[in-house]
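Residue-level structural notes
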Amino acid sequence: MLKIEKLNKYFGDNHVLKDISLDIETKKTTVIIGSSGSGKSTLLRCINLLETPNSGVINLDGTELDFSKKIPGNVKKSFTKRTGMVFQSFNLFPHKTALENIIEGPVVVLKKDKKTAIDEAMELLRRVGLEDKRDSYPNQLSGGQQQRIAIARALAMKPEVLLFDEPTSALDPELGAEVLGLIKELSKEDYTIIIVTHNMSFAREVSDEVVFVEKGEILAKGSYDDLTAMHNERITQFLSYLD
Amino acid sequence: MDARAIEILTESFWPILKAGLCYTIPLTLIAFVLGTLLAALVAIVRVSKVPVLNKICELYVWIIRGTPLLVQLFLVFFGLPKVGIVIEPMPAGIMVFSISIGAYSSEIFRAAILSIPKGQWEAAMALGMSYPQQLIRIILPQAFKIALPPLFNSFISLVKDTSLAANITIPEMLLTTQRITARNYEPLLMYIEVGFIYLLFCTVLNFVQTKMEERLMLTPDEKKKIQKINDAQA
Ligand SMILES: Nc1ncnc2c1ncn2[C@@H]1O[C@H](COP(=O)(O)OP(=O)(O)OP(=O)(O)O)[C@@H](O)[C@H]1O
Ligand SMILES: [Mg+2]
């Protein structure tokens, strides 16, 4: 289980995450929604330590990080390794082929031997349906294909938690659909997944739990149906705005 | 053109070209290689904000870019002997030109590194890479591709700038020309000739540069970044 307790994050004077506490259950899919600037990305980025929270505790299956103390670099790194991140803008390495993108982490960070890494990467390429693109460079791939490679790159690290930050926002609906389809499949498997999205029909389909973030606080959480049935004015307003 | 002019030009052509092959080109090449290595180190120190060293590098770039190259040459060659440091002309030239390239090209590298989107650092970090791994495996290969064309420009400039070394008695092309002129009193012919040889060198290099840029297969985005760096250098 991923336990977040009283997490605070400031950017200068801007108090972006306010005492966030949240339990994310293993093998479940959690969807984070909320209006722009509410702190969804920041929360996700705190979970894999792309941002360092100012205070609070994150506990992943017994490994505890207390941000009110200074955390050594190597502790941070080994924590980050256990999470995988998929970005809105893919962020594939443009000087590496699809295959090289996927094996980069396993070879460089996990110190796997190259042959094993390639075998596993080929398996992942099949998994995301892009076996024939192994030697293509990112700029030779469509946005949807790039994002699927980016997902394979994250999966190659065998992360315990998979984080998606608006994985289809940079894609037109058709290409987005192939990525959403893939994420949907992953959510049925044993992955622990956290997704930030504005796509509510997708949220309804994949989520075990939906978390509504507003101005750096968790305003509500529950199953999709719970949330829509809450008749919370702010949530209803938000949802109607998206339709 | 009369026969005497042709004779003067043909007689002096080989000695000047030889000075180019024996001094101008080696001086340029060695200083460029050393200077570029220095530049890369300085850029990495500055981008990584290494404490103390970062400030020293900043100071170094500020001083070198803010003073004339000729003054630097004079300082090292004529000034340092006053405090007992006597350096032979060629080593002095290599040193000053390397230090100069180190400062100017560090700005090229730095701009190239800073032009790589933040998302590249983040993607590398998210894989759990250490800072040196992020830099060496992900950022520098991309930055180097962008830095290459501007670096080549500074190489071409250096070929011409080495003519300043005539002032510290390195017998490169300009000093050789001056010496021949002192004998034949034909400054107009002689400086046209040496100018022509420099032009020849630079034209060849420009050709090589064009070929190299074709082979780099730059994306429009990379071209834009390169343009920006070139503009900032000019
Ligand atoms: N690196 C940063 N430096 C300073 N402020 C930041 C930084 N990143 C985010 N912020 C600020 O933190 C707040 C929350 O940003 P965040 O990106 O987490 O919002 P979000 O909910 O993901 O929004 P969106 O739906 O637009 O992606 C915003 O006010 C933003 O301006
Ligand atoms: Mg966001």
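Quick caveat: nothing in here was measured; it's all calculated off a predicted structure.

Section: the overall build of chain B
Helix and strand counts for chain B stand at nine helices and zero strands. Shown N-terminal to C-terminal, the secondary structure of chain B runs as helices and strands in the order α-α-α-α-α-α-α-α-α. Once the C-alpha set of chain B is aligned to its principal axes, its extents read approximately 75 × 50 × 25 Å. Residue burial in chain B is summarised as follows: out of 234 residues, 47% are buried. Sequence separation of at least 24 residues holds for 77% of the intrachain contacts in chain B that already meet a minimum separation of 6. Split by element, the accessible area of chain B, about 12,300 Å² in all, is 70% carbon and sulfur. Here chain B contributes 20 positively and 16 negatively charged side chains, and the mean placements of these two sets differ by 10 Å.

Some points on helix H1 (residues 40-47) of chain A
All names here are of chain A. The buried count for H1 comes to seven of eight residues, which makes it a mostly enclosed element. If you check which residues of H1 are buried, you get Lys-40, Thr-42, Leu-43, Leu-44, Arg-45, Cys-46 and Ile-47. At the exit of H1 stands Leu-49, carrying a positive phi of roughly 70°.

Section: the site of ligand 1
Residues and elements named next belong to chain A. If you check the shell around ligand 1, you find 13 residues, and the closest are Ser-36, Gly-37, Lys-40, Ser-41 and Thr-42. One of the side-chain N or O atoms of Ser-36 is found 2.5 Å from an oxygen atom in ligand 1. In this structure, Ser-41 approaches ligand 1 through a side-chain N or O atom, which is 2.7 Å from an oxygen atom. In isolation ligand 1 offers 640 Å² of accessible surface; the protein chains occlude 61% of this area.

Quick notes on the pairing of strand S10 (residues 217-222) of chain A
Residues and elements named next belong to chain A. Pairing of strand S9 (residues 209-214) with S10, which is carried by five bridges, proceeds in the antiparallel orientation. When the bridges of S10 are listed, Val-213 appears paired with Ile-218. Joining the antiparallel neighbours S9 and S10 is a turn of two residues, in which Lys-215 adopts a positive phi near 45°.

A closer look at the nonpolar core
Judged by nonpolar contacts, the single largest core of 93 residues is most densely connected at A:Ile4, A:Leu7, A:Ile32, A:Leu43, A:Ile194, B:Phe97 and B:Met173. Ranked by residue count, the leading element in this core is helix H6 (residues 131-161) of chain B, at twelve residues. Of all hydrophobic cores here, the second largest spans 46 residues; its members include A:Leu125, A:Val128, A:Phe202 and A:Phe238.

So, the packing of helix H5 (residues 143-155) of chain A against helix H6 (residues 173-188) of chain A
Residue and element names in this part refer to chain A. Running from amino to carboxyl end, H5 crosses H6 at an angle of 25°, the nearest separation of the two axes being 8 Å. Overall, the two elements H5 and H6 adopt an arrangement that is roughly parallel. As for the relative orientation of H5 and H6, their crossing is right-handed in sense. On H6, the residues that touch Gly-143, Gly-144, Gln-145, Gln-147, Arg-148, Ile-151 and Leu-155 of H5 are Leu-175, Glu-178, Val-179, Leu-182, Ile-183 and Leu-186. Looking at the contact of H5 with H6, its residues break down into seven nonpolar, four polar and two charged.

So, the environment of A:Asn232
All names here are of chain A. For Asn-232, the position within the fold is in the loop between helix H8 (224-229) and helix H9 (233-242). Given a relative accessible area of 25%, Asn-232 falls into the partly exposed group. Expressed as a C-alpha distance, the spacing of Asn-232 and Gly-181, which sit 51 residues apart in the sequence, is 30 Å. A polar side-chain atom of Asn-232 sits 2.7 Å from the main-chain amide nitrogen of Arg-234.

Digging into the environment of B:Gly35
All names here are of chain B. In this structure, Gly-35 sits in helix H1 (residues 3-47). A residue is classified by how much of its surface remains accessible, and Gly-35, at 0% relative accessible area, is buried. A C-alpha to C-alpha distance of 23 Å links Gly-35 and Leu-199, two positions 164 residues apart in sequence. Beyond its immediate stretch of four places on either side in the chain, Gly-35 contacts Ser-98, Ile-101 and Gly-102.

Some words on unusual backbone geometry
Outside of glycine, negative phi angles account for most residues, and trans bonds account for most peptide bonds. The residue A:Phe90 is not glycine, and still its phi comes out positive at about 65°. Along the polypeptide, A:Phe90 turns up in the loop between strand S6 (83-86) and helix H3 (98-108). By relative accessible area, which is 10% here, A:Phe90 ends up buried. One non-glycine residue, B:Val52, lies in the positive phi region at around 65°. Position of B:Val52 among the secondary structure elements: in the loop between H1 and helix H2 (53-65). What makes B:Val52 exposed here is its relative accessible area of 60%.

Here's the deal with the sheet that holds strand S4 (residues 55-60) of chain A
Residue and element names in this part refer to chain A. Read across the sheet, four strands follow the order S2-S1-S4-S5 without closing on themselves; strand pairing throughout is antiparallel. The open sheet has two edge strands with one neighbour each: strand S2 (14-24) and strand S5 (63-66). When strand polarity is set aside, the average angle formed by the axes of neighbouring strands in this sheet is 15°. Relative to S4, strand S1 (residues 2-11) runs antiparallel, the two sharing five bridges. Bridge pairing in S4 places Lys-3 opposite Asn-59. Together, S1, S2 and S4 form the strand contacts of H1, whose direction differs from that of S1 by roughly 120°.

Calculation criteria
- Residues numbered from 1 in each chain as written.
- Chains lettered and ligands numbered in written order.
- Predicted model: local features only at pLDDT ≥ 70, side-chain atom pairs only at ≥ 80, totals over all residues.
- Heavy atoms only, no water.
- Helix = DSSP H or I, 4+ residues; strand = E, 2+ residues; numbered from the N terminus.
- Buried < 20%, exposed > 50% of the residue type's maximum accessible area, 1.4 Å probe, protein only.
- Contact = heavy atoms within 4.5 Å.
- Areas by Shrake-Rupley, 256 points an atom, 1.4 Å probe, with all protein chains shown as cover.
- Lys, Arg positive; Asp, Glu negative; His and termini not counted.
- Charge placed at Lys NZ, Arg CZ, Asp CG, Glu CD.
- Near = heavy atom within 4 Å.
- Polar contact = N/O pair within 3.5 Å; in protein donor to acceptor, adjacent residues only side chain to side chain.
- Pairing = 2+ DSSP bridges.
- Core = buried A, V, L, I, M, F, W, Y, C linked by side-chain atoms within 4.5 Å.
- Axes fitted to C-alpha atoms, helices over the stretch in contact; angles between N-to-C directions.
- Parallel < 35°, antiparallel > 145°, perpendicular 65-115°, else oblique.
- Left-handed = near helix turned anticlockwise from the far one by under 90°.
- Nonpolar A, V, L, I, M, F, W, Y, C, P; charged D, E, K, R; others polar.

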